[in-house]
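Each chain, written out:
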Amino acid sequence: TLAARQQQGFGGIVSFDLRGGKAAAWKLIDATAIFSITANLGDTKSTITHPGTTTHGRLTPEQRTEAGIGDGLIRLAIGLESVDDLKADLARGFAAL
């Protein structure tokens, strides 16, 4: 594919659910500095989002639960930043918990 010929690596989307629900999720999100807080998934910049209050915020709590979207769910879309910088940013977020 064109992307494989032009790029050495690719981004990805990763989700994880934190114990502590929405409060823990936002504490981690607010402690990051490199990740852009947004619901957008298509960007060259790495993004971090809380689906329960952004992309799926209009669903009822029951609908979110049925879809597997817990209050502590965080979604990362990885962009073009240095992997080491992103790891350090996430470590800063986890340290805030």
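Our subject is the structure that appears above.
Now for a quick tour of the structure.

The rules behind each value
- What you see as residue numbers is a count from 1 along each chain, following the sequence as written.
- A pLDDT threshold of at least 70 governs which residues receive local features in this predicted model, and a stricter bar of 80 or more applies before side-chain atom pairs are shown or counted, although totals over entire chains, interfaces and linings include all residues.
- Computation of side-chain values: all heavy atoms of the structure, hydrogens and water removed.
- Only DSSP runs of H or I with at least four residues qualify as helices, and only runs of E with at least two residues qualify as strands; both kinds are numbered from the N terminus onward.
- The buried label goes to any residue with under 20% of its type's maximum accessible area, the exposed label to any with over 50%, and the partly exposed label to all in between, with areas taken from a 1.4 Å probe on protein chains only.
- Pairing of aromatic rings covers Phe, Tyr and Trp, the last counted by its six-membered ring, and requires centre-to-centre distances within 6.5 Å; plane angles under 30 degrees mean stacked, over 60 mean edge-to-face, and any other angle means tilted.
- Side-chain atoms alone can form a polar contact between residues adjacent in sequence; in general such a contact is a pair of N or O atoms within 3.5 Å, and within protein one must be able to donate a hydrogen while the other accepts it.
- For two strands to pair, DSSP has to find at least two bridges joining them.

A look at the overall build of the chain
Reasoning step 1: Across its full length, the chain carries 4 helices and 4 strands.
Reasoning step 2: Listing every helix and strand of the chain by position from the N terminus yields α-β-α-β-β-α-β-α.
Reasoning step 3: The principal-axis extents of the C-alpha atoms in the chain amount to approximately 45 × 30 × 15 Å.
Reasoning step 4: For the chain, the residues scored as buried account for 31% of the 97 residues in total.

Notes on the packing of aromatic side chains
Reasoning step 1: With the rule as written, the count across this model stands at 1 aromatic pair.
Reasoning step 2: With a centroid separation of 5.7 Å and 35° between ring planes, the pair formed by F16 and F94 is classed as tilted. Of this pair, F16 sits in strand β1 (residues 13–17) while F94 sits in helix α4 (residues 83–95), and the two are 78 residues apart along the sequence.

Overview of the environment of S82
Reasoning step 1: For S82, the location among the structural elements is in the loop between β4 (73–77) and α4.
Reasoning step 2: Side-chain polar atoms of S82 contact the backbone nitrogen of D84, separated by 3.2 Å.

Quick notes on the sheet that holds β1
Reasoning step 1: Overall, mixed pairing links the 4 strands, which are arranged β1-β4-β3-β2 in an open sheet. Two strands bound the open sheet, and with one partner strand each, they are β1 and β2 (36–37).
Reasoning step 2: With 2 bridges joining them, β2 and strand β3 (residues 47–49) adopt parallel strand pairing. Following the sheet pairing, I37 is matched in β3 by I48.

Description of the pairing of β4
Reasoning step 1: With respect to burial, β4 is a largely interior element, 5 of its 5 residues being buried.
Reasoning step 2: Burial along β4 is two-sided: L73, R75 and A77 facing one way and I74 and L76 facing the other are all buried.
Reasoning step 3: Pairing geometry for β1 and β4, over 5 bridges, is antiparallel. Paired with F16 across the two strands is I74, which belongs to β4.
Reasoning step 4: As defined by bridge partners, β3 adjoins β4 across 3 bridges and the pair is classed as antiparallel. Along β4, the bridge assignment pairs T49 with R75.

In short, the description is geometric, and any link to function would need to be established separately.
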